[in-house]
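Read off the chains here:
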Amino acid sequence: MSANDLPHGPEEGTPRRKTRERPEDHDSQDQSASLAAYVENHRASLADSLHRLFSHPFGSFFTCLVMGITLSLPMGLSLLLNNVERLGGSWQRAAQISLFLDLKASESQGQDLREQIEKMPDVIEAQLISRDDALKELQQQSGLGEALKELPENPLPAVISVTPRQIDKNQLDALRQRLSELPGVQQAQLDLVWVERLSAILKLGDRFVFGLTILLVLTLLLVIGNTIRLHIENRRNEIEVIKLVGGTDGYVRRPFLYMGALYGLGAGILSWALLAFGLNWLNSSVVNLAGLYGSDFGLAGVPVDDGLSLTVGAVLLGWIGAWLAVARHLRELAPR
């Protein structure tokens, strides 16, 4: 085989073909690097905030405790109000509509009417009290059992007790009017005065809790804002140096936002624990008192959904309070 038969490689001096890099590759690399730097910056800010909080454990704990007590007051009142509503068994039962049937209506007709009423969308329950049951109840409660036995016939009509779904004066009045027009109903009676009193009590409790919540939330923002302000003052020289070398406001603000959120997280957990302990502590006395009245009532604990909502709300309040505090003092942190 001669040398001419061998495969020839690239001639010397011939330029090699270079692979061109597309602009999209540079863009994707820049975006990945920017994302990695952004995540690393947040991780460093979170780690720095945790380090500063744990470096002063007692001060951080008492700050979270003050915030937790502030949060637990409106939530505790709201839970107690819910337990008071549950103590009454059902507020709807206090607004029952009594339907007095015709004396000539038979028991089967009363049952048919009860089933018809119970299928209405505005009604939770309907119970039929027959004429005989009504007479027996009157004999037991009035103490005139012997005198009532002397009556030639039962003068009491059958009654259907209707439990409405909503407690609203206009809706209840409309329901009472609709029920009174049913065949076989002689009279429909509803104590609207008691319904109005009941609604007023519930609205008063809700408004009191709402007003107290607003005041304590403002107090909580002031507490977290003052705490963050002290941290800003302690790091004033460091922040001025960071801004001198080109640090942005967002870079300066980020550690304090994490610190406010961590304060809120600790406050939410402590508030949840305080509420659970307080309700459990009160429950023993409530159970003993209810037992004297032949009831098995007991205080319900803190629902998990409410506890999680409380914790998330505390974190948000801590973050908002820190943001307001930093935004107020950020103009003063410019390098001199």
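In this report, we go over the structure that sits alongside the text. Since we're looking at a predicted model, the values are computed, not measured. All chains use their own residue numbering, which begins from 1 and follows the written sequence. Where local features are concerned, this predicted model is filtered to residues with pLDDT of at least 70; where side-chain atom pairs are given and counted, the filter is 80 or more; whole-chain, interface and lining totals use all residues. Note: side-chain values were computed over all heavy atoms of the structure, leaving out hydrogens and water.

Focus on the packing of aromatic side chains
This is how it is decided: Any pair of Phe, Tyr and Trp rings, taking the six-membered ring for Trp, is counted once the centres come within 6.5 Å. Such a pair is stacked with planes under 30 degrees apart, edge-to-face with planes over 60 apart, and tilted for the rest. Each residue's exposure class comes from its accessible area (1.4 Å probe, protein chains only) as a fraction of the maximum for that residue type: buried when under 20%, exposed when over 50%, partly exposed otherwise.
Inspection of the entire model under this criterion finds one aromatic pair. Between Phe61 and Phe62, the aromatic rings sit 5.5 Å apart at their centres with planes inclined by 70 degrees, giving edge-to-face as the arrangement. Take Phe61: its relative accessible area is 40%, and that puts it in the partly exposed class. In this structure Phe62 comes out as partly exposed when scored by relative accessible area, which is 48%.

Examining the pattern of salt bridges
Which entries qualify depends on this criterion: By definition, a salt bridge exists where a carboxyl oxygen of Asp or Glu is found within 4 Å of a side-chain nitrogen of Lys or Arg. A run of H or I in DSSP becomes a helix once it reaches four residues, and a run of E becomes a strand once it reaches two; helices and strands are each numbered from the N terminus.
With the rule as written, the count across this model stands at three salt bridges. Ionic pairing is found between Arg178 and Asp122, a salt bridge with its closest N-O pair at 3.0 Å. On the criterion of sequence distance, the pair formed by Arg178 in helix α6 (residues 169-180) and Asp122 in the loop between α3 (107-118) and β2 (123-129) is long-range, its members being 56 residues apart. Under the relative-accessibility criterion, Arg178 is labelled partly exposed at 35%. The partner of Asp173 in a salt bridge is Arg176, with the nearest N and O atoms 3.3 Å apart. With Asp173 and Arg176 both in helix α6 and three residues apart, the pair spans about one turn of that helix. Its relative accessible area of 33% is what places Asp173 among the partly exposed residues.

Comments concerning the nonpolar core
Soluble globular proteins: nonpolar side chains tend toward being buried together. Rule in force here: For the purposes of this section, nonpolar cores are sets of buried Ala, Val, Leu, Ile, Met, Phe, Trp, Tyr and Cys residues that join through side-chain atoms within 4.5 Å. We call two residues contacting when some pair of their heavy atoms lies within 4.5 Å.
Of all hydrophobic cores here, the largest spans 31 residues; its most connected members are Leu71, Ile228 and Tyr263. Among the secondary structure elements, those contributing two or more residues to this core are α2 (57-87), α7 (192-234), α9 (249-292) and α10 (304-329). The biggest single contributor to this core is α9, with 10 residues. The contact partners of Tyr263, leaving out residues within four places of it in the chain, are Leu53, Ser60, Thr63, Cys64, Met67, Ile224, Thr227 and His231.

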